[in-house]
Amino acid sequence: MPKLHAFPAVRYATDSGDISSRIAPPYDVLDEGPKQTLLARDPHNIVAIDLPVTPPKTVGPDEAYHAAGHAYRQWMSEGVFERDNTPTLFAYEQQYTVAGRELKRRGLFTALGVEDFNRPNGGIFRHEHTLSGGTSDRLKLMNATAAQLSPVFGTFDDPAHRVADLLDETFKGEPDFRGITDHDNVIHRCWAVRDETTIAALAEFFEPTDVFIADGHHRYTTALNYAREHPDQPHAQTCLFVLVPSSDPGLIVLPTHRVLCDLVDFDMAGLLDVLADDDRFKVTPTYHGGDALPHMLDELPETPYHAFGLYDPKRGKTYIVNTIDADPLADLMPDRDPVWRQLDVAVFHHLFVDQIVRPRFGGDAINYKYPHQLTELVRLSHDQPGRLGIAMQATPLKSVCDVARAGEVMPPKSTFFFPKLATGLVINPLD
């Protein structure tokens, strides 16, 4: 069962409460260029420690991690960081805009006791596999700093809004610190929670409650590995989380689109002919064009079943493709759990790409790009010959949790939780 712990957090020392210049996006969405931009603004930005090697999820030389650990300890001794004397939780609010809508998402910074994945009735569940390079890099950094710098993003069911009620008064006050991340224009606010009664009530709530990792599978796997390497250190048996109720109106999942690359002798007419002869699919021309893809995206949820859009860069035309049956992978993959077979991304990859596109247009040579914006989908589709743009629907949060409970993992890039959590707001010391 996930044990919720208040912890002696390490935070940036601040008089104004504004730490905008020192927080950053998660390490895995950055590279050397954005890293240097953040450091040029403030040399004490958290990326100086959290991203010792680029590109992310690659393993660098030991010296890079030693330097990160030295910087972390030096900033502690110089007073750049300060450590709370009292075990604390932090209420966390993000304010942001999506498609013209202003939204707020509220969660809780905490340290959860680590445990193996997928233990029911109060377990921690995953929906992704992790890459060894990503976990090795994070483990070397964690060993060098003896700290968790970036939180795992988790979600949980709370139909009675118990957690929101417990934190309601906290959110009414002035935040203890705040910041804005420029790349996505998200406002981040944090409030310290030290009331022992509130902390005890939150711990009691989470003891039987399943937690689903939304983002940060590599970070959690690293925490597991670190805990196993340091069994005698109590703080090492925890992992820094931000927990957000699944019912929070600001908890949204956006689609990750696809661009199929390196197609051989691709022609849309040839693809349409193949689809016309296959009784598992239906194709509908939309006539929206590349500049009106949002209109096509709005139509996909109204189209049964497993609908996605095609963008032909040669002619600028668009089409909606959907399956005739609700469970079109049942005969092809009968051993997979039905909740996994119902994922649009699973149907797209294993039925459309593997059964239709690969045999005709390039086999294993076909690669993917994964744009989040439709404008980027169009640009990438035109970037080189032999490409096809695919507009996907977002994976519902319920499907993410159902797949995790079933012990399945989702195809790559199945979810895009927006916005990302900021790194550098709160650090979990492990020593």
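Calculation rules
- Residues numbered from 1 in each chain as written.
- Predicted model: local features only at pLDDT ≥ 70, side-chain atom pairs only at ≥ 80, totals over all residues.
- Heavy atoms only, no water.
- Pairing = 2+ DSSP bridges.
- Helix = DSSP H or I, 4+ residues; strand = E, 2+ residues; numbered from the N terminus.
- Axes fitted to C-alpha atoms, helices over the stretch in contact; angles between N-to-C directions.
- Phe/Tyr/Trp six-rings, centres within 6.5 Å; stacked < 30°, edge-to-face > 60°.
- Buried < 20%, exposed > 50% of the residue type's maximum accessible area, 1.4 Å probe, protein only.
- Lys NZ or Arg CZ within 6 Å of the ring centre and 35° of its normal.
- Parallel < 35°, antiparallel > 145°, perpendicular 65-115°, else oblique.
- Left-handed = near helix turned anticlockwise from the far one by under 90°.
- Contact = heavy atoms within 4.5 Å.
- Nonpolar A, V, L, I, M, F, W, Y, C, P; charged D, E, K, R; others polar.
- Core = buried A, V, L, I, M, F, W, Y, C linked by side-chain atoms within 4.5 Å.
- Polar contact = N/O pair within 3.5 Å; in protein donor to acceptor, adjacent residues only side chain to side chain.

1. Considering the sheet that holds strand β17 (residues 317–323)
Line of reasoning, step 1. Ordered in space as β15-β17-β16-β19-β14-β18, the six strands form an open sheet in which the pairing is antiparallel. The outermost strands of the open sheet, each flanked by one partner alone, are β15 (281–285) and β18 (367–369). Strand-to-strand, the axes of this sheet are offset by a mean angle of 30°, without reference to chain direction.
Line of reasoning, step 2. Strand direction decides the pairing type here: β15 and β17, joined by five bridges, are antiparallel. Each residue of the ladder has a partner; that of K282, found in β17, is N322.

2. Thoughts on the packing of aromatic side chains
Line of reasoning, step 1. What the rule picks out here adds up to 22 aromatic pairs.
Line of reasoning, step 2. Both rings, one in Y96 and one in F418, keep their centres 5.8 Å apart while their planes meet at 80°; by these two values the pair is edge-to-face. In this pair, Y96 sits in strand β4 (residues 89–98) while F418 sits in strand β20 (residues 416–418), placing the two residues 322 residues apart along the sequence. Of the two residues, Y96 and F418, both sit in the buried class.
Line of reasoning, step 3. Here the aromatic rings of F171 and W191 are separated by 5.0 Å at their centres, their planes lie at 75°, and the arrangement is edge-to-face. With F171 in helix α5 (residues 162–172) and W191 in strand β10 (residues 186–193), this residue pair connects regions lying 20 residues apart in the sequence. With respect to burial, F171 and W191 carry one shared label: buried.
Line of reasoning, step 4. The rings of Y12, Y72, W75 and F81 are connected pair by pair, giving a single aromatic cluster.
Line of reasoning, step 5. Geometry around F171 places R106 over its ring, the cationic atom sitting 4.1 Å from the centre.

3. Side note on the packing of helix α8 (residues 268–276) against helix α11 (residues 344–361)
Line of reasoning, step 1. Close contact between α8 and α11 brings their axes to 11 Å; oriented N to C, the two are set at 130°. With respect to each other, α8 and α11 are oriented oblique. Considering only the axes of α8 and α11, their crossing is right-handed. Contacts between α8 and α11 involve G270, L271, V274 and L275 on the former and, on the latter, F352, I356, V357, R360 and F361.
Line of reasoning, step 2. For the contact of α8 with α11, the per-class residue count stands at seven nonpolar, one polar and one charged.

4. Digging into the nonpolar core
Line of reasoning, step 1. Among the nonpolar cores identified, the biggest contains 53 residues, and F81, F109, L425 and V426 are the most heavily contacted of them.
Line of reasoning, step 2. Among the elements that line this core, the one with the most residues is helix α3 (residues 62–78), at six residues.
Line of reasoning, step 3. Excluding anything up to four places from it in sequence, F109 contacts F7, L89, F90, Y92, P151, C190, L240, F241, V242, L425 and V426.
Line of reasoning, step 4. Within the second largest apolar cluster, 33 residues are counted, among which are F308, F361, M392 and M410.

5. What to know about the side chain of N45
Line of reasoning, step 1. With respect to the helices, strands and loops of the structure, N45 is situated in the loop between α1 (32–41) and α2 (47–50).
Line of reasoning, step 2. On the basis of relative accessible area, N45 is assigned to the buried category, the value being 0%.
Line of reasoning, step 3. A polar side-chain atom of N45 sits 3.0 Å from the main-chain carbonyl oxygen of I23.
Line of reasoning, step 4. Apart from the residues lying within four places of it in its own chain, the contact partners of N45 are Y12, S21, R22, I23, A24, L38, L39 and W75.

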